[in-house]
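Listed here are the chains, written in short residue letters.
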Amino acid sequence: RRRERERGVSGPGRTADGHPVGLLVNLGALAELDGAAAADAEGVGLFRTEFLFLDRAEAPGQAEQTAAYRRVFEAFTGRKVVVRTLDAGADKPLPFATAADEENPALGVRGLRTATRDPELLETQLAAVAAAARGSAAEVWVMAPMVSVPREAAEFAARVRAHGLPLAGAMVEVPAAALRAGRLAEVCDFLSIGTNDLSQYTFAADRLLAPLAALLDPWQPALLDLVAATAGAGAALGRPVGVCGEAAADPELALVLVGLGVNSLSMAPSCLPAVRAALAAHTLGDCRELAELARTAADAETARTLVRRSMNAEL
Ligand code: PEP
Ligand code: MG
């Protein structure tokens, strides 16, 4: 095991020169819990809580939520769990939380916005997370989806802290949030970039529409610019910045993200080994060079090709 760690094929994520990169798993259902907990990861980087709310007429009560969260925290004793509060709306409609008559649900009352319309929904969830966190040895972080402006992040952070939960963060999924990431980072403890939605809103392209896949390619230099802006703003204030969208699971792109200044990557457990190995084979300086190459490219395809070519040349 020790030799494995030294070679970078197990243990905490590190570049070849020892720069730490948090490697975490995404968790979206209790059925995935055992597999996620068994993964060689530092914790959960994105706990999607929607599964508890789907396929039902009313929101689950506090006791039911507490029991579910407690199971997750117990499975991750001694590790970190980043709980994302309910992200209803758009691709995740819920009868009790989202309006059926919105013409553009992706631009509607979704994510944290539902909490503004129905504060009880968020209050109950935060109370359940806090109750489950009490007496658990997991390190519980709580973040909000679909934050657009700093005031939303500030209000969310205040509500999280009022429940005795010390670490409140904002997801960066909207270009406005990335452009003003410094202001967001000033009012909360960490940022987590959701590249799936950030692509959708940057390119005005529905993330579920296959014909738009080229626009949604996470190698798009414009998306990388927004990641760089967010990571730079977080670093300036000493706030950790993670990526929890699909982009984090691509080993080559993961190097670019680290080169842009991202501190942690969260992905499906099966993707961890390849990302860990890629990191272990490159220094932080290599990652920065690859990031620079990708950002100078004119388009996504060129960015990917330039990075691959450069990586092969190193070998
Ligand atoms: C994202 O948007 O990148 C993200 C991680 O959240 P979700 O895919 O659940 O919208
Ligand atoms: Mg999202």
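Residues numbered from 1 in each chain as written. Chains lettered and ligands numbered in written order. Predicted model: local features only at pLDDT ≥ 70, side-chain atom pairs only at ≥ 80, totals over all residues.

A.B. asks: Would you mind showing me how to read the UniProt feature "binding site: phosphoenolpyruvate" (unreviewed entry) in the protein here?
C.D. replies: In the numbering used here, UniProt assigns the "binding site: phosphoenolpyruvate" (unreviewed entry) feature to Arg48, Arg84, Asn196, Asp197 and Arg207. Mapped onto the secondary structure, Arg84 falls in strand E3 (residues 80-84). Sequence-distant contacts of Arg84, defined by excluding residues within four places in its chain, comprise Leu46, Phe47, Arg48, Thr49, Met143 and Pro145. Topologically, Asn196 is positioned in helix H9 (residues 195-202). Overall, Asn196 belongs to the partly exposed group, with 16 C-beta atoms counted inside 10 Å. With sequence-adjacent residues up to four places away left out, Asn196 is seen in contact with Arg207, Gly245 and Glu246. (UniProt positions renumbered as here; feature names shortened; annotations may be inferred. Helix = DSSP H or I, 4+ residues; strand = E, 2+ residues; numbered from the N terminus. Contact = placed C-beta atoms within 7 Å. Buried ≥ 20, exposed ≤ 12 C-beta atoms within 10 Å, placed from the backbone.)

A.B. asks: Explain the packing of helix H13 (residues 284-296) against helix H14 (residues 300-314) to me, please; I cannot follow it from the model alone.
C.D. replies: The angle between the axes and the distance between the axes are what describe a pair of packed helices. The N-to-C vectors of H13 and H14 enclose an angle of 150°; their axes lie 8 Å apart at closest approach. Here H13 lies roughly antiparallel to H14, going by the angle between them. At the point where H13 passes H14, the crossing takes the right-handed sense. Judged by residue contacts, Leu290, Leu293 and Ala294 of H13 engage Ala303, Leu306, Val307 and Ser310 from H14. When the residues that make up the contact of H13 with H14 are grouped by side-chain class, the tally is 6 nonpolar, 1 polar and no charged. (Axes fitted to C-alpha atoms, helices over the stretch in contact; angles between N-to-C directions. Parallel < 35°, antiparallel > 145°, perpendicular 65-115°, else oblique. Left-handed = near helix turned anticlockwise from the far one by under 90°. Nonpolar A, V, L, I, M, F, W, Y, C, P; charged D, E, K, R; others polar.)

A.B. asks: How do you make sense of the environment of Ala162 when you look at a structure like this?
C.D. replies: Following the sequence through the fold, Ala162 ends up in helix H6 (residues 150-162). On the basis of neighbour counts, which here come to 11 C-beta atoms within 10 Å, the residue Ala162 falls in the exposed class. Between the alpha carbons of Ala162 and Leu126 there is a distance of 9.4 Å; along the sequence they are 36 residues apart.

A.B. asks: Even after reading the chapter, I still don't get the UniProt feature "binding site: Mg(2+)" (unreviewed entry) in the protein, so can you show me in this structure?
C.D. replies: The sites that carry the UniProt feature "binding site: Mg(2+)" (unreviewed entry) are, in the present numbering, Glu173 and Asp197. In three dimensions, the annotated residues from a span of 25 residues occupy one location, with a maximal C-alpha spread of 5.2 Å. Position of Glu173 relative to the elements: it lies in the loop between strand E5 (167-172) and helix H7 (175-179). Discounting residues that sit within four places of it in the chain, Glu173 has contacts with Pro145, Met146, Gly194, Asp197, Leu198 and Tyr201.

A.B. asks: Is there a simple way to think about the packing of helix H11 (residues 251-259) against helix H12 (residues 272-280) in this case?
C.D. replies: Packing of H11 against H12 brings their axes to within 9 Å, and their N-to-C directions diverge by 50°. Our classification of the angle between H11 and H12 gives oblique. Helix-helix and strand crossings are classified by hand; for H11 and H12 the assignment is right-handed. Residues Pro251, Glu252, Ala254, Leu255 and Val258 of H11 touch H12, and the partners they reach there are Ala274, Val275, Ala278 and Leu279. Of the residues that constitute the contact of H11 with H12, the class distribution is 8 nonpolar, no polar and 1 charged.

A.B. asks: Can you help me understand the site of ligand 1 in this one?
C.D. replies: Near ligand 1 you find Leu46, Arg48, Asp87, Glu173, Gly194, Thr195, Asn196, Asp197, Cys244 and Gly245, and these make up its full shell. Contributions of two or more residues to the shell around ligand 1 are made by strand E2 (43-48) and H9. Here the shell around ligand 1 takes 3 residues from H9, the largest share from any one element. Looking at side-chain class alone, the shell around ligand 1 contains 2 nonpolar, 4 polar and 4 charged residues. (Near = placed C-beta within 6 Å.)

A.B. asks: Whenever I open this one, unusual backbone geometry confuses me. Can you help?
C.D. replies: Excluding glycine, most residues fall at negative phi; most peptide bonds, likewise, are trans. Of note in this structure, Asp55 is not a glycine but carries a positive phi near 55°. Take Asp55: it is sitting in the loop between E2 and helix H3 (62-75). Judged by C-beta crowding, with 7 C-beta atoms within 10 Å, Asp55 ranks as exposed.

A.B. asks: I'm lost on the nonpolar core in this one. Help?
C.D. replies: By size, the foremost hydrophobic cluster in this structure holds 89 residues, and its most contacted members are Ala170 and Leu257. Per-element tally for this core: the top contributor is helix H10 (residues 221-236), with 7 residues. The residues touching Ala170, leaving out its near neighbours within four places in the chain, are Met143, Ala144, Val147, Ala153, Phe156, Ala177, Leu184, Cys188 and Leu191. Within the second largest apolar cluster, 6 residues are counted, among which are Phe53, Leu86, Leu94 and Ala97. (Core = buried A, V, L, I, M, F, W, Y, C linked by C-beta atoms within 7 Å.)

A.B. asks: Any chance you could explain the pairing of E2 here in plain terms?
C.D. replies: Two faces make up the sheet, and in a regular strand the side chains alternate between them. In terms of burial, E2 is largely enclosed, as 5 of its 6 residues are buried. Alignment of strand E1 (residues 22-27) against E2, held across 3 bridges, turns out to be parallel. Bridge assignment links Val25 to a residue of E2, and that residue is Val44. This β-α-β element, E1 to helix H2 (residues 33-38) to E2, shows right-handed connectivity. Bridge analysis of E2 against E3 gives 4 bridges, and the strand direction is parallel. Along E3, the bridge assignment pairs Gly43 with Lys80. (Pairing = 2+ DSSP bridges. Right-handed = clockwise from strand over helix to strand, strands pointing away.)

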